[in-house]
There are 4 protein chains.
Amino acid sequence: MTLSAADRREIDDLRADRTLTRRATVPALEEILYEPLPVLDHGFIRVIDYMGDDRAVVQAARVSYGRGTRRVSEDAALIRYLMRHRHSSPFEMCEIKLHVKLPIFVARQWIRHRTANVNEYSARYSILDREFYLPEPDMLAGQSTVNRQGRGEALPTAAAAEVRDRLRATAEAAFDAYDELLVPLAPAPEPTGDGPETDPVGLARELARITLPLSTYTQWYWKIDLHNLFHFLSLRADRHAQYEIRAYAERLLEIIERWVPLCAAAFRDYRRSGVTLSAGGLEVVRRLIAGEPVTAETSGLGRREWRELMAALGRQP
Amino acid sequence: MTLSAADRREIDDLRADRTLTRRATVPALEEILYEPLPVLDHGFIRVIDYMGDDRAVVQAARVSYGRGTRRVSEDAALIRYLMRHRHSSPFEMCEIKLHVKLPIFVARQWIRHRTANVNEYSARYSILDREFYLPEPDMLAGQSTVNRQGRGEALPTAAAAEVRDRLRATAEAAFDAYDELLVPLAPAPEPTGDGPETDPVGLARELARITLPLSTYTQWYWKIDLHNLFHFLSLRADRHAQYEIRAYAERLLEIIERWVPLCAAAFRDYRRSGVTLSAGGLEVVRRLIAGEPVTAETSGLGRREWRELMAALGRQP
Amino acid sequence: MTLSAADRREIDDLRADRTLTRRATVPALEEILYEPLPVLDHGFIRVIDYMGDDRAVVQAARVSYGRGTRRVSEDAALIRYLMRHRHSSPFEMCEIKLHVKLPIFVARQWIRHRTANVNEYSARYSILDREFYLPEPDMLAGQSTVNRQGRGEALPTAAAAEVRDRLRATAEAAFDAYDELLVPLAPAPEPTGDGPETDPVGLARELARITLPLSTYTQWYWKIDLHNLFHFLSLRADRHAQYEIRAYAERLLEIIERWVPLCAAAFRDYRRSGVTLSAGGLEVVRRLIAGEPVTAETSGLGRREWRELMAALGRQP
Amino acid sequence: MTLSAADRREIDDLRADRTLTRRATVPALEEILYEPLPVLDHGFIRVIDYMGDDRAVVQAARVSYGRGTRRVSEDAALIRYLMRHRHSSPFEMCEIKLHVKLPIFVARQWIRHRTANVNEYSARYSILDREFYLPEPDMLAGQSTVNRQGRGEALPTAAAAEVRDRLRATAEAAFDAYDELLVPLAPAPEPTGDGPETDPVGLARELARITLPLSTYTQWYWKIDLHNLFHFLSLRADRHAQYEIRAYAERLLEIIERWVPLCAAAFRDYRRSGVTLSAGGLEVVRRLIAGEPVTAETSGLGRREWRELMAALGRQP
């Protein structure tokens, strides 16, 4: 990730500026405020603003006048209770605003989460920089043979290099076309006398951009509450998610650890590392605890669910 | 509005506490942070937290690295442009969190705005204070005779006094019943030996509360972004809204003036004091400008729309 | 639940009317269309309209041109997979519209689910019928002694009768006040000659209603998609929900069984009868399966979570 | 737009199938159900399902047992009143589900409307057809010189042909790369004996697709209520919207005319052909009606707002 000198200066100016506030403030998050945290080859996440902290969750759950309890252990217990019972509204009382730079194909997955606010950089209005995502060689993998949706084994070194060359060349050619289409294609029309003179113009930006690849980087401001961010992460930090969006999700998890450590710990225990058992899965667990041997055939579960359950229990399927 | 000494102390403690932050900070709003601003007889609005300021709207609209332009006049022009063309997403980048105390019948209108976060005080869990809304005498009005939905002329003084007495007496009687239902109704059951002794209990709170009137005060934490707050205000600060929710909306307008004065001014000009003309209404305006006489009959408008248009133009219908 | 003759006739007219459609149609749901299904003493749920069926979920998941697969077993397997992995968007492709009559305190819990559309009967515009919820004697219970939020043991018969009388009397008194406030309180003002004569009016409806109890029945049209309905049910058909809203949730479950039986079965297995284990809970299960004795003390879980886990596994805590 | 024989057959099968229903049914919409209505060069909109009609809006506004009034003129008047006063909830009681094929850059604008449900064809799971959008020559325009966001004059014929060739060649090259990347790049690994034999695989689909252009066609199921559809159309059928999404919006308007003609007429009058005046704009209108000459300078409006107002009034700026 590279930053222009002007952008760097703007960020430094923002970081240098401090004022007094009565609001809930989180020093660990203030440390990284405005700073671009790199993701993938050209992407980043910047925390632009935040509202609330761990205590704000407690305060909202209690609808209290002050900050709620003073003891961290009580706050933690309440937060864990709320997370376990999916009482989501107190977590909605914290909010975070991010500036994200990301490839368009990642942006398309990301935007599926509708309960967030977004302002995207307009390629109708502005010209895009020549920046596209090129996967690292060890991230180039073949189609999965067990899961129709996903990647399997990494490609052999030579094949990976070849693929990278091909991806790069196609993207460069698309950007070449983009740049040339934006250049005036015809001499300016003759001034007619009854209107203002017009300069020759290139193809409209909103049209030129359609030739760019899905790997092109875009940017947006994105704002979301903590409950919906947890929901986003439970799907996008999951191993079924595409690696590229997962890379952003991992960064977000780090940010959350700084911001609301008690909530982040509860999320880790109950949502990320937790597992949901169906009625049938629960019955299998009960039989196993009772010492009864259970097999895929006698479990009453579908093959796929059986495999998933054995994996969760750390057993051979 | 009265505040317990404990609540007052909690608020003072919060207000005394200041820390340094790198975030956008609004001194005029910090001044009133946490302070209950009275509404109606027992209600209030307290600003608990906020995110962003006028410049944050500009910054999001530009997806910029820094704070956007430095000149207030440019920011104002952009904000007016966004408001005029209903580009709502940059306004969504500001967020405010409030603690509100309000009668339940107002809460029921308020909650219809779904794009907000809310945590309400639970009357299943806690016992409600004996606080209900009793309208001021000059707010007691008869059913409107021109508008099926709304109030008309204020009642004569004597009638108003009578109505107030009746409203008060009914509410007091309901709270008497509530208090008594919560008191243990039967002696504790005999200890049986095989379980813990049980204290006698009153009726479950979740049941006792159903006897309380719609004028009872409740409380909630409520969080909303600026765009949706403007939408709320365009409906609830409107003269068609019931007076009691309008009283809250007026307070919210004052809060917005402190928080985001440029956005508030644009809202006032384009939304609050603006007017929307239909195709037919626009045609009437064109004819009037051309000096043509237009009457209700020749306008092509429905009677009601004609009256509304004449009112907007400051003319006799 | 009683229905006026006029309402009954309107419903019969609707039911008598059948037309041909190319849309997905569900005979088992058509059977009960428009018919009020009773809930509590005066409430009901009526199915007014619906969109989609089990196959519509499959069709959307596949983004297909036709109805998707023809074999029910394949559809069922896909639906179970979607439910298990919380792929919610295909379930959002089914929609249902209901007419519900319910006490206001239930309506206040219900409306917390924001991802639905609602049109409520307006007590600003119309006068409410004298209908309020009075719990059956065996539903009158004391405050729970183990759970601060909920009811415990049913009251003894005599106490229950006393409570019912008290609830009824308070509600009747409130409705008496309501009725009288709506009656003109003063003689009509003398005609002044320069305006229309005005009839004497009662207190504005929007004010008179504030004296009514939270047990008063209201009505609304409510429309929601199947995914969000499942979410509603996972919270409101749960044993932690207040009995009165649970009564509506149970009716909704019956409706769903008729409408989308495959989705309903998947919901039952994975969400209603399923259980979510935390990282710590999963570790306890693994140890139990390995034959290791685990106690509350050695489990590493909080007391409350331990109790909940043992209950789920059908063991003594 | 071309359709495979199999897809055509699936559609014909759906259309041939009719059943009886008690639901509100709209013959004019049934006529085109499932049929692809072409948009742009390869896109389409298909109506898959719908809920409600004009009377359903009235019925919800009245929270009635039956179908509401019987006279069309009363229904029309109520619908116009609701539209004029932005009472949006009754319009939310109608819902429509569409199957749409559209270029990805259009999909990215479209998805910004969050209050809808969507299921998109997955390019992680499936291989995309070689279909991309190529603008008609007369739609190829230069960058606007008055509006930074939009297109201006159409390009001269020769330049347009050149641009089209360039766009086509770049897209074809990207699809060539895509196709080749999906082909197995290396021989299958030697069977090891302790696992299943693996076939050689090409690059994972989720990676290969990143090389495709933004003009590539995608497909989705999209479901939205009538109020939010009107909001979508007020932005996307507007002359400021990019031509390509406007082409879809125009088709949607035709669909709405068939489905809910009274609502569509009210939308046309109050929203599409209507105009919103600011406080300042209203003052200018009043002065013009009073016969006072007003110029840009004496109007008190910004230059841009003045120009927009004069255009709305059909006057020279």
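As a reminder, the structure under discussion sits directly above these lines.
Note on numbering: residues in each chain are counted from 1, in written sequence order. As they are written, the chains are lettered A onward and the ligands numbered 1 onward, keeping that order. Reporting of local features is limited, given that this is a predicted model, to residues whose pLDDT is at least 70; pairs of side-chain atoms are given and counted only at 80 or more, and all residues count toward the totals for whole chains, interfaces and linings. Heavy atoms throughout the structure, all of them, feed into the side-chain values; hydrogens and water do not.

Asker: Help me out: how do you make sense of the interface of chain D and chain A in this one?
Answerer: How big an interface is tends to be reported as the loss of accessible area on association of its parts. In this assembly, 63 residues from chain D lie in contact with 63 residues from chain A. Between chain D and chain A lies a buried interface of about 5600 Å² when both sides are counted; carbon and sulfur atoms form 58% of it. The term salt bridge refers to a pairing of a side-chain nitrogen on Lys or Arg with a carboxyl oxygen on Asp or Glu at a separation within 4 Å. Between chain D and chain A we count 6 salt bridges in total. The salt bridge partner of Arg-151 of chain D is Glu-206 of chain A, with a shortest N-O separation of 2.6 Å. Polar contacts, as used here, are pairs of N or O atoms within 3.5 Å; protein pairs need one atom able to donate a hydrogen and one able to accept it. Residues neighboring in sequence count only if both atoms are side-chain atoms. Summed over the shared surface of chain D and chain A, the result is 28 residue pairs in polar contact (both at pLDDT 80 or more). Numbering of helices and strands runs from the N terminus; a helix is a DSSP stretch of H or I covering at least four residues, while a strand is a stretch of E covering at least two. Every element with two or more residues in the side of chain D that touches chain A is listed here: helix H5 (104-110), strand S5 (117-120), strand S6 (141-143), helix H6 (157-182) and helix H7 (205-208) of chain D. Per element, the largest residue contribution to the side of chain D that touches chain A is 12 residues, and it comes from H6 of chain D. Per-class residue counts for the side of chain D that touches chain A are 32 nonpolar, 16 polar and 15 charged. Note on contacts: a residue pair qualifies if any of its non-hydrogen atoms lie within 4.5 Å across the two residues. Accessible area, probed at 1.4 Å, shrinks when two parts are joined; the buried area is that loss added up over both. Residue polarity follows a fixed list, in which Ala, Val, Leu, Ile, Met, Phe, Trp, Tyr, Cys and Pro are nonpolar, Asp, Glu, Lys and Arg are charged, and the others, Gly among them, are polar.

Asker: Sorry if this is basic, but what is going on with the packing of aromatic side chains here?
Answerer: Any pair of aromatic rings gets described here by the distance separating the centres and the angle formed by the planes. All names here are of chain A. We call Phe, Tyr and Trp rings a pair once their centres come within 6.5 Å, taking the six-membered ring for Trp, and we label the pair stacked below 30 degrees between planes, edge-to-face above 60, and tilted otherwise. This model, assessed by the stated rule, comprises 44 aromatic pairs over all chains. Ring plane angle 40° and centroid distance 5.9 Å describe the contact between Phe-105 and Tyr-133, whose orientation is recorded as tilted. With Phe-105 in helix H5 (residues 104-110) and Tyr-133 in the loop between strand S5 (117-120) and strand S6 (141-143), this pair connects stretches of sequence that are 28 residues apart. When a residue's accessible area, from a 1.4 Å probe over protein chains only, is under 20% of the maximum for its type it is buried; when over 50% it is exposed; and in between it is partly exposed. On the basis of relative accessible area, Phe-105 is assigned to the buried category, the value being 2%.

Asker: Where do I start with the packing of helix H9 (residues 243-259) of chain C against helix H10 (residues 261-272) of chain C in this structure?
Answerer: A packed helix pair is summarised by two numbers, namely the angle formed by the two axes and the spacing between the axes. All names here are of chain C. Between N-to-C directions, angles span 0 to 180 degrees; the directions come from axes that are lines fitted to C-alpha atoms, helices contributing only their stretch in contact. At a minimum axis separation of 6 Å, H9 and H10 run at an interaxial angle of 130°. Relative to H10, H9 is oriented oblique. Contact residues: Glu-250, Leu-253, Ile-256, Glu-257, Arg-258 and Trp-259 in H9; Pro-261, Ala-264, Phe-267, Arg-268 and Arg-272 in H10. Residues that form the contact of H9 with H10 fall into these classes: 6 nonpolar, no polar and 5 charged. Each angle is binned into one of four classes, with values under 35 degrees roughly parallel, values over 145 roughly antiparallel, values of 65 to 115 roughly perpendicular, and all other values oblique.

Asker: Explain the relation of the copies chain B and chain A to me, please; I cannot follow it from the model alone.
Answerer: Comparison of the two chain copies shows a relationship of rotation about an axis with a shift along it. When the copies are superposed, the least-squares fit takes in the C-alpha atoms of residues with a pLDDT of at least 70 in both. For the pair chain B and chain A, the relating rotation is 180°, the translation along its axis is 0.0 Å, and the fit reaches an RMSD of 0.1 Å. Read as a symmetry element, the transformation amounts to a two-fold axis. Minimal C-alpha separation from the rotation axis in chain B is found for Leu-20 of chain B, amounting to 2.2 Å. In this assembly, 100% of the residues forming the interface of chain B have copies in chain A that are likewise at the interface, indicating an isologous arrangement.

Asker: Sorry if this is basic, but what is going on with the packing of helix H13 (residues 303-313) of chain B against helix H4 (residues 72-84) of chain D here?
Answerer: As a packed pair, H13 of chain B and H4 of chain D sit with axes 11 Å apart at the nearest point and diverge in direction by 25°. Here H13 of chain B is positioned roughly parallel relative to H4 of chain D, judged by the angle of their axes. Contacts between H13 of chain B and H4 of chain D involve Arg-304, Glu-305 and Glu-308 of chain B from the first element and Arg-80, Tyr-81 and Arg-84 of chain D from the second. Of the residues contributing to the contact of H13 of chain B with H4 of chain D, the split by class is 1 nonpolar, no polar and 5 charged.

Asker: Whenever I open this one, the pattern of salt bridges confuses me. Can you help?
Answerer: Side-chain pairing between opposite charges can occur once the charged atoms of the two side chains come close. In total, this model carries 96 salt bridges over all chains according to the counting rule given. Here Glu-206 of chain A and Arg-124 of chain A are joined by a salt bridge, their closest N and O atoms 2.8 Å apart. Separated by 82 residues along the polypeptide, Glu-206 of chain A in helix H7 (residues 205-208) and Arg-124 of chain A in the loop between S5 and S6 bring together distant segments of the chain. Neither residue differs from the other here; Glu-206 of chain A and Arg-124 of chain A are each classed as buried. Note that Glu-31 of chain D and Arg-258 of chain D form a salt bridge whose closest N and O atoms lie 3.4 Å from each other. On the criterion of sequence distance, the pair formed by Glu-31 of chain D in the loop between helix H2 (27-30) and strand S2 (37-39) and Arg-258 of chain D in helix H9 (residues 243-259) is long-range, its members being 227 residues apart. One connected set of salt bridges, linked through shared partners, spans Arg-8, Asp-12, Arg-15 and Glu-35 of chain A.

Asker: Is there a simple way to explain the sheet that holds strand S5 (residues 117-120) of chain B in this structure?
Answerer: By way of backbone hydrogen bonds, the strands of a sheet pair with one another, either parallel or antiparallel. All names here are of chain B. Only strands that DSSP links by at least two bridges are regarded as paired with each other. Spatial ordering of the open sheet is given by S2-S3-S4-S8-S5, a layout of 5 strands whose pairing is antiparallel. Two strands lie at the open edges of the sheet, namely strand S2 (37-39) and S5, each paired on one side alone. Taking the axes of each pair of neighbouring strands and ignoring which way they run, one obtains an average angle of 25° across the sheet. Pairing between S2 and strand S3 (residues 43-51): 3 bridges, direction antiparallel. When the bridges of S3 are listed, Pro-38 appears paired with Phe-44.

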